[in-house]
Amino acid sequence: MLLCAMLVLSACGGAAGTNNGVNQKPAGNQTSNSQSAGKEANQGAEQQSRTIKHALGETVIEGVPQRVVVLEWSIAEDVLALGVQPVGMADIKGMQKWVKVPVEIGSDVVDIGVRNAPDMELLTSLEPDLIIGLDRNLETSYEAMSSIAPTIAYQPYPVEDGRDQYDAMVDTFNEIADILGKKDEAAAVMKQLDDTYAAAKAKITEAGKLDAPFVLAMGYSNQDAVVFRLSTDNALAVKVLEHIGLKNAHKPEKTEVYGFTTADVEALPALQDANFLHIIQDDDNVIENQLKNNAVWKSLNFVKENRVYGLGGDVWPYGGPLSSQILAQKAADLLTK
């Protein structure tokens, strides 16, 4: 009987960690699916109960959640960066188009539909033990989601003094890591991000570009008109670029809660002495399609002096630490080549 008991314990221990083959670079450790996450993540936490305060209320979480559903790309990025594959995720194809991160979404992750209105029946069938989204994903469905599983809503646009979108990103990432029992993995990801900043800043400094002014614009077309989102100082992406020694040139007259000013090409002459960094999709290239022969565009100093830098359509300025790392690397590479 003693021998049998030892064999059973040995078998349970051998099944503790599984690898689903995802290449999880940032944390440098094995990636596990939330459906079969290792028991080691639960050690000392199986009976733990805690209350998480969030944007839409308070949620009690028992133990370490294993079956996680994510409703927003930034949250999906956080979970993936920690080495966890969610059981369900909203708008997988959209994320794959717009968000470049060095972690693949597992083939068994179920797409539950659009971010603000997922398929509730499908979501329920996944039997999640945690649902995570942003307040805008959950403002009309929070009670319904909470009846399925503990639900947490984050606010990425803080309005209190002294905090910006970058602070919110870091706080959200670290809290999710704590909830999922992945604090060590989170520390490794943030260490790699800090190392990326240091290397990028050294590169910028060596090239004589320290404190160089920039404007970061997301460009797209709206009924054939060109629209730019010009990032403001409270934007996450601007804080990333400040970490590598650059300075934002766009100073709007009013505070932009969402971190950008919506403008057209007529707003650019005031910024023409800065370096123009842009995020534009290849299938909606407003520079090549609408502005190539535009008189205002052609007259801008950064156009005439070849200081227009395309970051790529899949650099996501509203993401987490992985997106921040990619943005920092690309910006430094483009400005110093």
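Residues numbered from 1 in each chain as written. Predicted model: local features only at pLDDT ≥ 70, side-chain atom pairs only at ≥ 80, totals over all residues. Heavy atoms only, no water.

### Regarding unusual backbone geometry
One can expect most non-glycine residues to show negative phi and most peptide bonds to be in trans.
Logical step 1: Residues other than glycine seldom take positive phi values, yet Asp 91 does so here, at roughly 55°.
Logical step 2: Given the relative accessible area of 25%, Asp 91 is considered partly exposed.
Logical step 3: A positive phi angle, close to 55°, is found at Asn 306, a residue other than glycine.
Logical step 4: Tracing the backbone through its elements, the reader meets Asn 306 in the loop between helix 12 (301-304) and strand 15 (308-310). (Buried < 20%, exposed > 50% of the residue type's maximum accessible area, 1.4 Å probe, protein only. Helix = DSSP H or I, 4+ residues; strand = E, 2+ residues; numbered from the N terminus.)

### Quick notes on a nonpolar patch on the surface
Logical step 1: Taken together, Val 159, Val 257 and Tyr 258 make up a surface patch of nonpolar side chains, about 310 Å² in accessible area.
Logical step 2: Position of Val 159 relative to the elements: it lies in the loop between strand 9 (151-154) and helix 7 (165-179). (Patch = residues over 30% accessible without salt bridge, like charges linked within 9 Å, V, L, I, M, F, W, Y side chains within 5 Å. Areas by Shrake-Rupley, 256 points an atom, 1.4 Å probe, with all protein chains shown as cover. Salt bridge = Lys/Arg side-chain N within 4 Å of Asp/Glu carboxyl O.)

### As for the layout of surface pockets
Logical step 1: Taken as a whole, the largest pocket encloses approximately 610 Å³ of empty space.
Logical step 2: Together, 34 residues line the largest pocket, and Glu 72, Arg 136, Tyr 157, Trp 316 and Tyr 318 are the ones closest to its centre.
Logical step 3: Listed by contribution, the elements that provide at least two residues to the lining of the largest pocket are helix 2 (73-81), helix 3 (92-98), helix 5 (135-138), helix 7, strand 10 (213-222) and strand 14 (275-280).
Logical step 4: Of the residues forming the lining of the largest pocket, the biggest block, 4 residues, is contributed by helix 7. (1 Å grid on protein atoms, 1.4 Å probe; cavity = no way out; pocket = protein on both sides within 12 Å on 5 of 7 lines; lining within 4 Å. Points joined across faces, edges and corners; volume = space filled by probe spheres on them.)

### Here we look at helix 2
Logical step 1: With respect to burial, helix 2 is a largely interior element, 9 of its 9 residues being buried.
Logical step 2: Within helix 2, burial applies to Trp 73, Ser 74, Ile 75, Ala 76, Glu 77, Asp 78, Val 79, Leu 80 and Ala 81.
Logical step 3: Of the residues flanking the end of helix 2, it is Gly 83, one or two places downstream, whose phi is positive at about 90°.

### Structural notes on the pattern of salt bridges
Side chains bearing opposite charge may pair, as long as their charged atoms lie close to each other.
Logical step 1: For the structure shown, the criterion picks out 12 salt bridges.
Logical step 2: As a salt-bridge pair, Arg 50 and Asp 178 come within 3.0 Å of each other at their nearest N and O atoms. Of this pair, Arg 50 sits in strand 2 (residues 49-54) while Asp 178 is found in helix 7, placing the two residues 128 residues apart along the sequence.
Logical step 3: On the basis of relative accessibility, which here comes to 16%, the residue Arg 50 falls in the buried class.

### Overview of the confidence of the model for the protein chain
Logical step 1: Per-residue pLDDT for the protein chain averages 88, and the proportion of residues at 70 or more is 86%.
Logical step 2: Note that pLDDT drops below 50 for residues 1-45; the model gives that stretch 72 contacts with residues more than four away or on any other chain. (pLDDT = per-residue confidence, 0-100. Contact = heavy atoms within 4.5 Å.)

### With respect to the sheet that holds strand 6 (residues 88-89)
Logical step 1: Taken in spatial order, the 5 strands line up as 7-6-4-8-9 in an open sheet, and their pairing is parallel. The open sheet has two edge strands with one neighbour each: strand 7 (110-111) and strand 9.
Logical step 2: Sheet analysis places strand 8 (residues 130-134) next to strand 9, joined by 4 bridges and oriented parallel. Opposite Ile 131, over in strand 9, you have Thr 151 as the bridge partner.
Logical step 3: Those strands touched by helix 7 are strand 8 and strand 9, and its axis lies near 165° from that of strand 9. (Pairing = 2+ DSSP bridges. Axes fitted to C-alpha atoms, helices over the stretch in contact; angles between N-to-C directions.)

### Brief notes about the nonpolar core
Logical step 1: With 66 residues, the main nonpolar core has Leu 241, Ile 244 and Leu 311 as its most contacted residues.
Logical step 2: Here this core takes 8 residues from helix 13 (residues 321-336), the largest share from any one element.
Logical step 3: Not counting residues within four places of it along the chain, the set of residues in contact with Leu 241 comprises Phe 214, Leu 216, Leu 246, Leu 277, Leu 327 and Ala 331.
Logical step 4: Ala 217, Ile 280, Val 286 and Leu 300 belong to the second largest nonpolar core, which has 17 residues in total. (Core = buried A, V, L, I, M, F, W, Y, C linked by side-chain atoms within 4.5 Å.)

### Quick word on the side chain of Lys 239
Logical step 1: Mapped onto the elements of the fold, Lys 239 is located in helix 9 (residues 236-243).
Logical step 2: A polar atom in the side chain of Lys 239 sits 3.3 Å from the backbone oxygen of Asp 233.
Logical step 3: Setting aside chain neighbours within four positions, we find Lys 239 in contact with Asp 164, Tyr 166 and Asp 233. (Polar contact = N/O pair within 3.5 Å; in protein donor to acceptor, adjacent residues only side chain to side chain.)

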